[in-house]
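Spelled out, the chains give:
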Amino acid sequence: MSVAAVDSNKNKASFSQFNDQVEIAGPGVSIQSTIPGNKYASWSGTSMAAPHVAGVAALVWSHFPNCSNKQIREALIASAQDLGADGCDHNYGFGLVDAKGAYDFLSEKGCNFPTGDTQGGCYQCVECTSSPTSSPTVPPTTSSPTPCAGKTFHLKLKIDSYGGETSWKVTRQHNNNVNIVKSGSGYASNSVVHVEECIPNDACTFEIFDSHGDGLCCGFGRGSYQVWVDGVEKGSGGSFGSSDIVSLCSTMPTPSPTLAPFVTPTAGPTAGPTTAPSSAPTPLLTQAPA
């Protein structure tokens, strides 16, 4: 089964695949799991969503051991919570995996229903009632989702011993107002968090906060943060006191100074030339020597 990833609001994660083989969706954003060293880490990815679906399949199968693997698969997609477009679509498949729904489905149907051929994605038969050799009904074509129209924001947080003190936000300035685009808080102590989101191109400011005022490093653990935009590192740190700021946009050019309007100076009056005397001066007469 191809599994899509959704966030806590049941929206498709920006990194999740979308195609005609997506069959079901599972939680895949900021999922906490154990890591070596008796610690927890929070990760995002379809690699976190797929284990959720596998875990639900194992749980349901443990209650209905007489069902086949295909019947467990059919139960999962027949009971999934529909998301996105009505019915199966390329973003969420048949919807969000639902352990209780699958259990109730098999409690009612048992393990005696046919499953048909394995097709995958939206072509996978749901509680097949026709002959296994018949062609599955082709679902209506759904348009592909609009790709990220902005830029990809990636944050790695290594939380110190007091995770509840750490929070962050990404903001944009719009119409003289500062709007929060993305934010996060409430992390487990000594965990590692990865966040990857599509943000608008004009979301230019990342701010990280520590409510105690001692940053992420190094009084109570060696925490840190790193921020990338479209794969380019924009900033990192750990020792920042109460807060730190990273610019997510390229340096804006300094606007040219406004030139004062050029005023043509008013020419002063031109004095006319002084008229030279019209008569030549009378020469002095000098007496010739005797």
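In what follows, the accompanying structure is described. (Residues numbered from 1 in each chain as written. Predicted model: local features only at pLDDT ≥ 70, side-chain atom pairs only at ≥ 80, totals over all residues. Heavy atoms only, no water.)

Topic: the environment of Ser167
- Take Ser167: it is sitting in strand S6 (residues 166-174).
- Measuring from C-alpha to C-alpha, the distance between Ser167 and Ser211 comes to 8.2 Å, with 44 residues separating the pair along the chain.
- Aside from chain neighbours lying at most four places away, what touches Ser167 is Gly184, Ser185, Glu207, Ile208 and Phe209. (Helix = DSSP H or I, 4+ residues; strand = E, 2+ residues; numbered from the N terminus. Contact = heavy atoms within 4.5 Å.)

Quick look at the side chain of His194
- By secondary structure assignment, the location of His194 is in strand S8 (residues 192-199).
- On the basis of relative accessibility, which here comes to 16%, the residue His194 falls in the buried class.
- Of note is the side chain of His194, whose polar atom sits 3.2 Å from the side chain of His154.
- What His194 contacts, discounting residues up to four positions off in sequence, is Ser30, Ser42, Trp43, Ser44, His154, Leu155 and Lys156. (Buried < 20%, exposed > 50% of the residue type's maximum accessible area, 1.4 Å probe, protein only. Polar contact = N/O pair within 3.5 Å; in protein donor to acceptor, adjacent residues only side chain to side chain.)

Thoughts on the nonpolar core
- Counting residues in each nonpolar core, the largest one holds 25 residues, and the members touching the most others are Ile24, Val53, Val60, Ile72, Leu76, Val97 and Leu106.
- Listed by contribution, the elements that provide at least two residues to this core are strand S1 (2-6), helix H1 (46-63), helix H2 (69-79) and helix H3 (99-109).
- The leading source of residues in this core is H1, at five residues.
- Not counting chain neighbours up to four residues away, the residues in contact with Ile72 comprise Ala57, Val60, Trp61, Phe64, Cys67 and Leu106.
- Core analysis: the next-biggest nonpolar cluster, separate from the first, contains 20 residues, Trp168, Val170, Phe240 and Leu248 among them. (Core = buried A, V, L, I, M, F, W, Y, C linked by side-chain atoms within 4.5 Å.)

Points about the packing of aromatic side chains
- By the definition in use, this model includes eight aromatic pairs.
- Consider the rings of Phe206 and Tyr225, whose centres lie 5.8 Å apart with planes at 45°: the pair is tilted. Highlighted residues: Phe206 in strand S9 (residues 203-210) and Tyr225 in strand S12 (residues 224-229), separated in sequence by 19 residues.
- Given the relative accessible area of 0%, Phe206 is considered buried.
- Take Tyr225: its relative accessible area is 1%, and that puts it in the buried class.
- Here Tyr225 and Phe240 contribute two aromatic rings whose centre-to-centre distance is 6.2 Å and whose plane-to-plane angle is 70°, an arrangement assigned as edge-to-face. Placement of the pair is Tyr225 in strand S12 and Phe240 in the loop between strand S13 (232-237) and strand S14 (243-247), with a sequence separation of 15 residues. Like Phe240, Tyr225 is buried. (Phe/Tyr/Trp six-rings, centres within 6.5 Å; stacked < 30°, edge-to-face > 60°.)

Considering H1
- Relative to the 26 Å expected for 18 residues at 1.5 Å per residue, H1 spans 26 Å between its end C-alpha atoms, a close match to the ideal helical length.
- Buried within H1 we find Met48, Ala49, Val53, Val56, Ala57 and Val60.
- Summarising the contacts, the buried residues of H1 are in contact with S1, strand S2 (22-27), strand S3 (31-35), strand S4 (39-43), H2 and H3. (Expected span 1.5 Å × (residues − 1).)

Focus: the pairing of S13
- Bridge count between S12 and S13: five bridges; the pairing is antiparallel. When the sheet's bridge partners are listed, Val227 is paired in S13 with Gly235.
- Linking S12 back to S13 in an antiparallel pair, the connection comprises two residues, with Asp230 at a positive phi of about 50°. (Pairing = 2+ DSSP bridges.)

Some points on a positive patch on the surface
- Residues Lys39, Lys156, Lys158 and Arg222 make up a contiguous surface patch of positive charge.
- Mapped onto the fold, Arg222 is located in strand S11 (residues 221-222).
- Assessed through its relative accessible area of 64%, Arg222 is described here as exposed. (Patch = residues over 30% accessible without salt bridge, like charges linked within 9 Å, V, L, I, M, F, W, Y side chains within 5 Å. Areas by Shrake-Rupley, 256 points an atom, 1.4 Å probe, with all protein chains shown as cover. Salt bridge = Lys/Arg side-chain N within 4 Å of Asp/Glu carboxyl O. Lys, Arg positive; Asp, Glu negative; His and termini not counted. Charge placed at Lys NZ, Arg CZ, Asp CG, Glu CD.)

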